[in-house]
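The chain contents come next:
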Amino acid sequence: LTVLEKNVLHAQNNNNSGIKDNSGSLLLCVHGCKSLTHESIELACSNNWSWLSLPCCLQAEHHLDASMKVKDDTRFGILCGAIAAKYKADSITEIDSRITGRGIVLSFSGKC
């Protein structure tokens, strides 16, 4: 199990609500560095959870086979677009740049 999966299992085991059906769950990943963004979305999809991600340090090799010679902001936007396309995000928005320089928000509210 990955660290992410272990943390989710720990949270589920400590759920005092007695609710066994977690199909209405939302996995939230804020500033998931490198492969953590992908891991969190894939975990959400494998459990039929909705997901919301605010990506951070994205590695091109996790998203594209192409070499990119562009400015950092352009690169980040392209990589977020690749994630949105791969995981069929149904919402792409942004938060104020005074909060974070990496303010693209991707989400999916259905079942993957």
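Residues numbered from 1 in each chain as written. Predicted model: local features only at pLDDT ≥ 70, side-chain atom pairs only at ≥ 80, totals over all residues. Heavy atoms only, no water.

Colleague: Describe the overall build of the chain, and please don't skip the residues or the numbers.
Modeller: Helix and strand counts for the chain come out as 3 helices and 4 strands. Scanning the chain from its N terminus toward the C terminus, one meets helices and strands in the order α-β-α-β-α-β-β. Expressed as a percentage of the 112 residues in the chain, the buried residues total 32%. Look at the contacts in the chain between residues 6 or more apart in sequence, and 53% of them connect residues 24 or more apart. (Helix = DSSP H or I, 4+ residues; strand = E, 2+ residues; numbered from the N terminus. Buried < 20%, exposed > 50% of the residue type's maximum accessible area, 1.4 Å probe, protein only. Contact = heavy atoms within 4.5 Å.)

Colleague: Any details on helix H3 (residues 72-86)? Residues and values, ideally.
Modeller: Compared with an ideal rise of 1.5 Å per residue, which puts 15 residues at 21 Å, H3 spans 21 Å between its outermost C-alpha atoms and is within 8% of the ideal. The inward-facing, buried residues of H3 contact helix H2 (36-46), strand S3 (91-94) and strand S4 (104-108). Positive phi appears at Lys-88, one or two residues downstream of H3, with a value of about 55°. (Expected span 1.5 Å × (residues − 1).)

Colleague: Describe the pairing of strand S2 (residues 50-54), with residues and values.
Modeller: In terms of burial, S2 is a largely internal element, 4 of the 5 residues being buried. Looking at chain direction, strand S1 (residues 26-30) and S2 are connected through 5 bridges and run parallel. Counterpart to Leu-28 in the pairing with S2 is Leu-52. What joins S1 to S2 is H2, and the crossover it makes is right-handed. Across 3 bridges, S2 lies against S4 in antiparallel orientation. Note that in S4 the partner of Leu-52 across the bridge is Ser-107. (Pairing = 2+ DSSP bridges. Right-handed = clockwise from strand over helix to strand, strands pointing away.)

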